[in-house]
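What follows is each chain in one-letter form.
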Amino acid sequence: MKEVFEGIAKAASRIADALAHDDTGYSDNKNSTGDVQLKLDIRSDYIVEEELSRIPTVHALASEEQEQISPIRTGGEYLVGYDPLDGSSLADVNLSVGSIFGIYENSFVGANLAAAVYVVYGPRIEMVTAYKHNVELWRQDRSGEFKFVQILRLKDQGKLVAPGGTQQFWYPHHKKLVDDMFAEGYRLRYSGGMVPDLHQILIKGGGLFSYPGTTDKSKGKIRMVFESMPFAKVFEMAGGLALNDEAGRLLDSVPEGHHDTSPCFFGSKNEVLRAMRAYGNKLD
Ligand code: AFP
């Protein structure tokens, strides 16, 4: 696993350089979801594939930017599902963006997630790893090396709410949940990039990030293999919860295809359980 993390760190440094200097405009290509790709999406995808395909333990790669899974070698124990530049539509306005990696064994299902990593490209370049027993924060130093900073743990209750999805299409029970939380003093923190938004909740100790099913998209927008399952690993290991709208663990998800999406709720225990009650789920 160490060499996979090192490959991710190398890719992250190159993506950070591209973000700092390359064109933020659109290309002529569309990805598998039909989104027009930014030149930065294509460049970041190329960088991750180049770096991770060199790692002898990597068997195959699945990118959010590519329709098909790329077989890398016959040996190798890991399948890496990744979103090379999540929130890339925020690059032109110079907001933080990120990369997300799920490192799976055997198949892209939540139960087979051996580790998860994400990188935040903000004023500082930070990497969070969830592996074995700990969620760890690493920060790039002046020499470009990632140095360990601290172990991350969520509190049981936080103060922030990051409510995703277009409000026009929210179900009434979802709108009531969010309205009630704001009426009680929770503060809105939503940039449109799930990496910095979830990172903020994790670093500041807690809160709720939701991307629900909506009247126009019943399974939401967030892709399980590249986005929600890796973050579920991070949030559960940090002492929080990561559930779908039926109170099922996102880490128990078995996606129908590797681009499959699902509603998702991440955060500290109290807020995620509260969201489940608002959705009418019976909790033990
Ligand atoms: P992009 O990578 O297309 O910018 O999407 C980012 C994202 O998948 C996730 O990072 C955000 O939380 C979510 O979409 C934002 O979606 P809305 O614009 O619908 O709030």
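Each remark here, short or long, concerns the structure printed above.
Residues numbered from 1 in each chain as written. Predicted model: local features only at pLDDT ≥ 70, side-chain atom pairs only at ≥ 80, totals over all residues. Heavy atoms only, no water.

Caption draft 1: Representation of the site of the ligand within the structure. Taken together, 14 residues form the shell around the ligand, and within it Asp86, Tyr190, Met194, Tyr211 and Lys221 come nearest. In this structure, an oxygen atom belonging to the ligand sits 2.8 Å away from a main-chain N or O atom of glycine 87. Between glutamate 227 and the ligand, the recorded distance is 3.1 Å, taken from a side-chain N or O atom to an oxygen atom. Across the complex, the protein chains shield 80% of the 490 Å² of accessible surface that the ligand would expose by itself. Residues that form the shell around the ligand fall into these classes: four nonpolar, six polar and four charged. (Near = heavy atom within 4 Å. Polar contact = N/O pair within 3.5 Å; in protein donor to acceptor, adjacent residues only side chain to side chain. Areas by Shrake-Rupley, 256 points an atom, 1.4 Å probe, with all protein chains shown as cover. Nonpolar A, V, L, I, M, F, W, Y, C, P; charged D, E, K, R; others polar.)

Caption draft 2: The packing of aromatic side chains, seen in detail. One pass over the full model with this rule turns up 10 aromatic pairs. Taken together, the ring pairs in this structure connect Tyr118, Tyr190, Phe209, Phe231, Phe235 and Phe266 into an aromatic cluster. (Phe/Tyr/Trp six-rings, centres within 6.5 Å; stacked < 30°, edge-to-face > 60°.)

Caption draft 3: Quick look at the packing of helix α4 (residues 194-203) against helix α5 (residues 224-237). Two numbers describe how α4 lies on α5: the axes approach to 12 Å, and their chain directions differ by 10 degrees. Judged by the angle between their axes, α4 and α5 are roughly parallel. Note that α4 runs across α5; the crossing there is right-handed. Side by side, α4 and α5 meet where Met194, Val195, Leu198, Ile201 and Leu202 of the first sit next to Glu227, Phe231, Val234 and Phe235 of the second. The residue inventory of the contact of α4 with α5, partitioned by class, reads eight nonpolar, no polar and one charged. (Axes fitted to C-alpha atoms, helices over the stretch in contact; angles between N-to-C directions. Helix = DSSP H or I, 4+ residues; strand = E, 2+ residues; numbered from the N terminus. Parallel < 35°, antiparallel > 145°, perpendicular 65-115°, else oblique. Left-handed = near helix turned anticlockwise from the far one by under 90°. Contact = heavy atoms within 4.5 Å.)

Caption draft 4: Representation of the sheet that holds strand β14 (residues 241-243) in the model. Here we have five strands laid out as an open sheet, ordered β12-β11-β13-β15-β14, and mixed in their pairing. The sheet terminates laterally at β12 (187-188) and β14, the two strands that pair on one side only. Strands in contact with helix α6 (residues 269-278) are β13 (207-211), β14 and β15 (264-267); relative to β15, the strand with the most contacts, it is inclined by about 155 degrees. (Pairing = 2+ DSSP bridges.)

Caption draft 5: The pairing of β15, seen in detail. Residues of β15 alternate between two faces, with Cys264 and Phe266 on one and Phe265 and Gly267 on the opposite face, all of them buried. Note that β13 and β15 share four bridges and pair antiparallel. What sits directly across from serine 210, in β15, is phenylalanine 265. In this structure, β14 lies alongside β15, joined through three bridges in antiparallel fashion. Within β15, the residue paired with alanine 242 across the bridge is phenylalanine 266. (Buried < 20%, exposed > 50% of the residue type's maximum accessible area, 1.4 Å probe, protein only.)

Caption draft 6: Representation of α4 within the structure. Most of α4 sits out of view: eight of its 10 residues are buried. Buried residues of α4: Met194, Val195, Pro196, Asp197, Leu198, His199, Ile201 and Leu202, and no others. In the segment just after α4, glycine 205 is the residue with positive phi, at about 100 degrees.

Caption draft 7: Layout of the sheet that holds strand β9 (residues 134-140). If you trace the eight strands from one edge of the open sheet to the other, you get β4-β3-β5-β6-β7-β8-β9-β10, paired in mixed fashion. Unpaired on one side and paired on the other, β4 (70-71) and β10 (146-151) mark the two borders of the sheet. As paired elements, strand β7 (residues 113-121) and strand β8 (residues 125-131) share seven bridges and run antiparallel to each other. Counted as the bridge partner of alanine 115 is tyrosine 131 from β8. Lying on the sheet, helix α2 (residues 39-53) is in contact with β3 (58-63), β4, β5 (78-86) and β6 (97-105); it crosses β5 at an angle near 155 degrees.

Caption draft 8: Broad picture of the packing of helix α3 (residues 172-183) against α6. At their nearest, the axes of α3 and α6 sit 9 Å apart, and the two run at 140 degrees to each other. The orientation of α3 with respect to α6, classified from their angle, is oblique. Along this stretch, α3 crosses α6, giving a crossing that reads as right-handed. Residues His173, Leu177, Asp180 and Met181 of α3 lie in contact with α6, whose contacting residues are Glu271, Arg274, Ala275 and Ala278. For the contact of α3 with α6, the class distribution of residues is four nonpolar, one polar and three charged.

Caption draft 9: How the structure looks around the nonpolar core. Counting residues in each nonpolar core, the largest one holds 41 residues, and the members touching the most others are Leu202, Phe231, Val234, Phe235 and Phe266. Here the element with the most residues in this core is α5; it accounts for nine residues. Residues in contact with leucine 202, not counting those within four places in the same chain, are Tyr118, Val128, Leu152, Leu154, Val234, Phe235 and Ala238. Of all hydrophobic cores here, the second largest spans 35 residues; its members include Ile8, Ala16, Val117 and Tyr121. (Core = buried A, V, L, I, M, F, W, Y, C linked by side-chain atoms within 4.5 Å.)

Caption draft 10: Just the pattern of salt bridges, in detail. In the structure shown here, the tally under the stated rule is 15 salt bridges. Between glutamate 51 and arginine 54 there is a salt bridge, with its nearest N and O atoms 3.1 Å apart. For aspartate 180, the salt bridge is made with lysine 176, and the minimal N-O distance between the two is 2.7 Å. In this pair, aspartate 180 and lysine 176 both sit in helix α3, four residues apart, roughly one turn of the helix. You can call aspartate 180 partly exposed: its relative accessible area is 27%. (Salt bridge = Lys/Arg side-chain N within 4 Å of Asp/Glu carboxyl O.)

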